[in-house]
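One-letter residues, chain by chain:
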Amino acid sequence: MLRLIEENLVRQNKAMLLMFFLLEEEFSRLTQLKPQAVSQVELSIQELMRQVAGERHSLRRMLVRVEPSAKRVRDLYPGLERETADGLRELLTRLDEIEQRCAIQAAKNHQMAMALFDQSKGLLTFMHNQIKPKNTNAYGRTGRFAKGVNDARLLSGRL
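This structure is a prediction, so every number in the text was calculated from the model and none was measured.

Caption draft 1: Structural context of the overall build of the protein chain. Secondary structure summary: the protein chain contains four helices and zero strands in total. For the protein chain, the α and β elements follow one another from N to C terminus as α-α-α-α. Here the protein chain holds 159 residues, and 24% of them are scored as buried. A sequence separation of at least 24 residues applies to 63% of the contacts in the protein chain between residues at least 6 apart.

Dropping the structure here:
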C-alpha cells in the first residue's frame, strides 16, 4: 500500500509540473492576444485539475486503509521506516514547491487577463462614447426629430 501512495505522489508531482507548463503557455498566449488559444489551454488546465483532485481523493482513501486515523501523509511518518518516510517527505516537498510555482504563475495569468479585460472594456466605452449622439435632444416631446439651430442661415434662405 505504501508503494501505491508513493506512486500517487509521483503522479501528482508530474501532473503539477504539467500544470505549471500549461500555465506558462497560457500566459504566453495571453501576451500574444490569442483568445481562442487561451481558452483551449484553459480547458486543458481545468481537466488536469479535475484529475489531480481525483488523485488526491484516491490518496486519502489509501491513507485511511493504511492508518484509519491518518488524514495526511505526514501522519504516517512515525510508523514508517526512516528511508520510506524520507522518500515520502521529499515527494511532498517537491509537490509543495511545484504548487507554489503554479500559484504564482496563476496569479500572473489572472493579472494579465484582468488587465486585458480592463483595456478592452475601456476601449469599448471610448468607442461607444464616440458613436453616441452628442446632442441629447435628438427627439422632441412629440416623438419627432427636433430641429436644432442651424448656424448657416444664409444658405437656408433666412436673413
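Let us keep going from here.
Caption draft 2: Focus on the pattern of salt bridges. Inspection of the entire model under this criterion finds seven salt bridges. Residue Arg-3 is joined to Glu-7 by a salt bridge in which the shortest nitrogen-to-oxygen separation is 2.5 Å. Here Glu-7 and Arg-3 lie together in helix H1 (residues 2-31), a separation of four residues that amounts to about one turn. Residue class for Arg-3 comes out exposed when judged on its relative accessible area of 56%. On the basis of relative accessible area, Glu-7 is assigned to the partly exposed category, the value being 31%. Glu-90 is paired through a salt bridge with Arg-94; the nearest N and O atoms lie 3.3 Å apart. Of this pair, Glu-90 and Arg-94 both sit in helix H3 (residues 82-131), four residues apart, roughly one helical turn.

Caption draft 3: Looking closely at the packing of H1 against H3. At their nearest, the axes of H1 and H3 sit 9 Å apart, and the two run at 20° to each other. Regarding the angle of H1 to H3, the classification is roughly parallel. Taken as a pair, H1 and H3 cross one another with a handedness that is left-handed. Residues of the contact of H1 with H3, tallied by class, amount to 21 nonpolar, six polar and seven charged.

Caption draft 4: View of the nonpolar core. Judged by nonpolar contacts, the single largest core of 27 residues is most densely connected at Ile-5, Leu-9, Val-73, Leu-88 and Cys-102. If you list the elements that add at least two residues to this core, you get H1, helix H2 (35-66) and H3. In terms of residues, this core owes the most to one element, H1, which gives eight residues. Apart from residues no more than four positions distant in its own chain, Cys-102 is found in contact with Met-16, Met-19, Phe-20 and Leu-23.

Caption draft 5: Looking closely at the environment of Arg-11. On the secondary structure map, Arg-11 appears in helix H1. With relative accessibility at 38%, the residue Arg-11 sits in the partly exposed group. Residues Arg-11 and Glu-55 lie 44 residues apart in sequence; the distance between their C-alpha atoms is 8.1 Å.

Caption draft 6: Structural detail: H1. The terminal C-alpha atoms of H1, which comprises 30 residues, lie 44 Å apart, in line with the 44 Å expected from a rise of 1.5 Å per residue. Positive backbone phi, at 60°, marks Leu-33, one or two positions downstream of H1.

Caption draft 7: Just a nonpolar patch on the surface, in detail. A cluster of nonpolar side chains, contributed by Met-1, Leu-2, Leu-4 and Val-66, occupies part of the molecular surface with about 280 Å² of accessible area. Of note, Val-66 is situated in helix H2.

Caption draft 8: Up close: the layout of surface pockets. Its volume calculated, the largest pocket comes out at about 390 Å³. Lining the largest pocket are 14 residues, and of these Leu-59, Arg-72, Arg-74, Leu-92 and Leu-95 sit closest to its centre. Mapped by element, the contributors of at least two residues to the lining of the largest pocket are H1, H2 and H3. Partitioning the lining of the largest pocket into residue classes produces six nonpolar, one polar and seven charged.

About the cut-offs
- Residues numbered from 1 in each chain as written.
- Predicted model: local features only at pLDDT ≥ 70, side-chain atom pairs only at ≥ 80, totals over all residues.
- Heavy atoms only, no water.
- Helix = DSSP H or I, 4+ residues; strand = E, 2+ residues; numbered from the N terminus.
- Buried < 20%, exposed > 50% of the residue type's maximum accessible area, 1.4 Å probe, protein only.
- Contact = heavy atoms within 4.5 Å.
- Salt bridge = Lys/Arg side-chain N within 4 Å of Asp/Glu carboxyl O.
- Axes fitted to C-alpha atoms, helices over the stretch in contact; angles between N-to-C directions.
- Parallel < 35°, antiparallel > 145°, perpendicular 65-115°, else oblique.
- Left-handed = near helix turned anticlockwise from the far one by under 90°.
- Nonpolar A, V, L, I, M, F, W, Y, C, P; charged D, E, K, R; others polar.
- Core = buried A, V, L, I, M, F, W, Y, C linked by side-chain atoms within 4.5 Å.
- Expected span 1.5 Å × (residues − 1).
- Patch = residues over 30% accessible without salt bridge, like charges linked within 9 Å, V, L, I, M, F, W, Y side chains within 5 Å.
- Areas by Shrake-Rupley, 256 points an atom, 1.4 Å probe, with all protein chains shown as cover.
- 1 Å grid on protein atoms, 1.4 Å probe; cavity = no way out; pocket = protein on both sides within 12 Å on 5 of 7 lines; lining within 4 Å.
- Points joined across faces, edges and corners; volume = space filled by probe spheres on them.

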